[in-house]
Amino acid sequence: MAATIWATRRSCRATGAAAPEVVWERYSTPTRWTQWAPHLTGVQASTPVIRAGTTGTVTALHVVRARFVVAEVDEAARSWSWTVRTGPVRLHLEHTVTGARDGGTSTGLSVEGPGLVVAAYLPIAARALQRLVTP
């Protein structure tokens, strides 16, 4: 088995007026992902709410289909991570949800994977995160 070499890790953050519990519910319920992530056009998950070991597929732009497995979920800390794979490309994503200083929510994403894929995905993800934290 070949070792996986991560080319890069980059992050983005969004802050908005939605309450942290609302944002967490949007994150933790896979059937809601297409409502705030416009690049996702389909989601199938093995559980109705994410937990460590949840598996499934996401479809992006009706074309790219990727398998995923949720690695960790910490409901108290409102954080979770998962690995998404399509063909030879694998991304590891870590998500956080925190209360913002002036109310609302701040959410963060850290993406690790091949440099060109991460660079192309981050602006799409940043747009989705802004929708996630918008009431």
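Higher on the page you've got the structure.
What comes next concerns the included structure. It should be emphasised that the depicted structure is a prediction, and the values quoted were computed from it without experimental measurement.

Definitions and limits used
Residues numbered from 1 in each chain as written. Predicted model: local features only at pLDDT ≥ 70, side-chain atom pairs only at ≥ 80, totals over all residues. Heavy atoms only, no water. Salt bridge = Lys/Arg side-chain N within 4 Å of Asp/Glu carboxyl O. Helix = DSSP H or I, 4+ residues; strand = E, 2+ residues; numbered from the N terminus. Buried < 20%, exposed > 50% of the residue type's maximum accessible area, 1.4 Å probe, protein only. Contact = heavy atoms within 4.5 Å. Phe/Tyr/Trp six-rings, centres within 6.5 Å; stacked < 30°, edge-to-face > 60°. Pairing = 2+ DSSP bridges.

1. Notes on the pattern of salt bridges
Considering all chains together, one arrives at 4 salt bridges under this definition. Taking the shortest distance from any N to any O, the salt bridge between E94 and R9 comes out at 2.7 Å. Taken together, the residues span a long stretch of sequence, with E94 in strand β6 (residues 89-99) and R9 in strand β1 (residues 8-16) at a distance of 85 residues. Here E21 makes a salt bridge to R78, at a shortest N to O gap of 4.0 Å. Of this pair, E21 sits in helix α1 (residues 20-28) while R78 sits in the loop between β4 (64-74) and β5 (79-86); the two residues are 57 residues apart in sequence, bridging distant segments of the chain. Several salt bridges converge on common partners, so that one network encompasses R9, E94 and E112.

2. What about α1?
All of the buried residues along α1 are P20, V23, W24, R26, Y27 and S28. Close packing links the buried residues of α1 with α2 (33-36), β4, β5, β6, β7 (105-113) and α3 (115-132).

3. Structural notes on the packing of aromatic side chains
Under the defined criterion, the tally for this structure stands at 7 aromatic pairs. Between the aromatic rings of Y27 and W80, the centroid separation amounts to 5.7 Å while the plane-to-plane angle is 75°, which identifies the pairing as edge-to-face. Residue Y27 is located in helix α1, and its partner W80 is located in strand β5; the two are separated by 53 residues in the primary sequence. For Y27, a relative accessible area of 1% gives the class buried. What makes W80 buried here is its relative accessible area of 4%. Members of the aromatic cluster, joined through ring pairs, are Y27, W33, W36, F68, W80 and W82.

4. What about the pairing of β6?
Of the strand pairs in this sheet, β5 and β6 are connected by 8 bridges, and their pairing is antiparallel. Looking at β6, one finds that W82 is bridged to L93. Linking β5 to β6, which pair antiparallel, is a turn of 2 residues; within it G87 sits at a positive phi near 55°. Bridge count for β6 against β7 is 8 bridges, and the pairing is antiparallel. Each bridged residue has a counterpart across the sheet, and for L93 the counterpart in β7 is V111.

5. Details of the pairing of β7
Among the 9 residues that make up β7, 9 are buried, leaving the element largely enclosed by the rest of the structure. Where β6 folds back on β7, the antiparallel hairpin that results is connected by 5 residues, among which G103 adopts a positive phi of roughly 95°.

6. As for unusual backbone geometry
Phi is positive for L61, close to 55°, though the residue is something other than glycine. The residue L61 is located in the loop between β3 (55-60) and β4 in this model. The exposure class assigned to L61 is exposed, which follows from its relative accessible area of 58%. One non-glycine residue, R78, adopts positive backbone phi at about 55°. The class for R78 is partly exposed, based on a relative accessible area of 26%.

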